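What the coordinates show
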Amino acid sequence: MVDLHGARRARRLDLYRSRQADRVRGVRGTLEALTQSGTLFTQEGTRRGLALLKALQLLQRASARLEELAGDGVIPAPRLQERIDALYEELDTLFARADKLAGRDEASVARLPAR
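Now for a quick tour of the structure. (Residues numbered from 1 in each chain as written. Predicted model: local features only at pLDDT ≥ 70, side-chain atom pairs only at ≥ 80, totals over all residues. Heavy atoms only, no water.)

Looking only at helices and strands, the protein features three helices and zero strands. For the protein, the α and β elements follow one another from N to C terminus as α-α-α. Across the 115 residues of the protein, 33% fall into the buried class. Within the protein, contacts between residues separated by at least 24 positions form 71% of all contacts whose residues are at least 6 apart in sequence. Surface summary for the protein: the accessible area is close to 7700 Å², and the carbon and sulfur share equals 52%. (Helix = DSSP H or I, 4+ residues; strand = E, 2+ residues; numbered from the N terminus. Buried < 20%, exposed > 50% of the residue type's maximum accessible area, 1.4 Å probe, protein only. Contact = heavy atoms within 4.5 Å. Areas by Shrake-Rupley, 256 points an atom, 1.4 Å probe, with all protein chains shown as cover.)

Below, the structure written as structure tokens:
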């Protein structure tokens, strides 16, 4: 007998882990580009760098929530559907805030003035 509910839960968790890893790679890549171009040392670049660091903090918090959902940490995985839904809602909020800070919908780093 196949546990479809368990398979869906595992798939959703994998999807969120993938989203989190992609965002972390993107933010780190942008920080690296800011540093290598020297733009990080301008006033606007510094502001952008601080926003990216805050985005990384939010993504680290998202990683902790994913561990909680998976039961990988000290706390066992939640069983109540309300708690699971609340954690996924918190993850969506963290991703949205990190995306806003990272400027995923804004101009690229290339548009910032060089040093």
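Here the focus is the packing of helix α1 (residues 4-37) against helix α3 (residues 81-102). Close contact between α1 and α3 brings their axes to 11 Å; oriented N to C, the two are set at 20 degrees. It follows from the interaxial angle that α1 and α3 lie roughly parallel. Once α1 is placed against α3, the crossing between them reads as left-handed. On α3, the residues that touch His5, Arg9, Arg12, Leu13, Tyr16, Arg19, Gln20, Arg23 and Val27 of α1 are Gln81, Ile84, Asp85, Tyr88, Leu91, Asp92, Phe95, Asp99 and Ala102. Broken down by class, the residue content of the contact of α1 with α3 amounts to eight nonpolar, three polar and seven charged. (Axes fitted to C-alpha atoms, helices over the stretch in contact; angles between N-to-C directions. Parallel < 35°, antiparallel > 145°, perpendicular 65-115°, else oblique. Left-handed = near helix turned anticlockwise from the far one by under 90°. Nonpolar A, V, L, I, M, F, W, Y, C, P; charged D, E, K, R; others polar.)

The next point concerns the side chain of glutamine 20. In this structure, glutamine 20 sits in helix α1. We classify glutamine 20 as buried; its relative accessible area is 12%. Sequence-distant contacts of glutamine 20, that is, excluding residues within four places in its chain, are made with Leu59, Ala62, Ser63, Leu66 and Phe95.

Right, let's get into the nonpolar core. Core analysis: the biggest nonpolar cluster contains 22 residues, and Tyr16, Val27, Leu52, Leu59, Leu69, Tyr88 and Leu91 have the highest contact counts within it. The set of elements that each furnish at least two residues to this core consists of α1, α2 (43-70) and α3. (Core = buried A, V, L, I, M, F, W, Y, C linked by side-chain atoms within 4.5 Å.)

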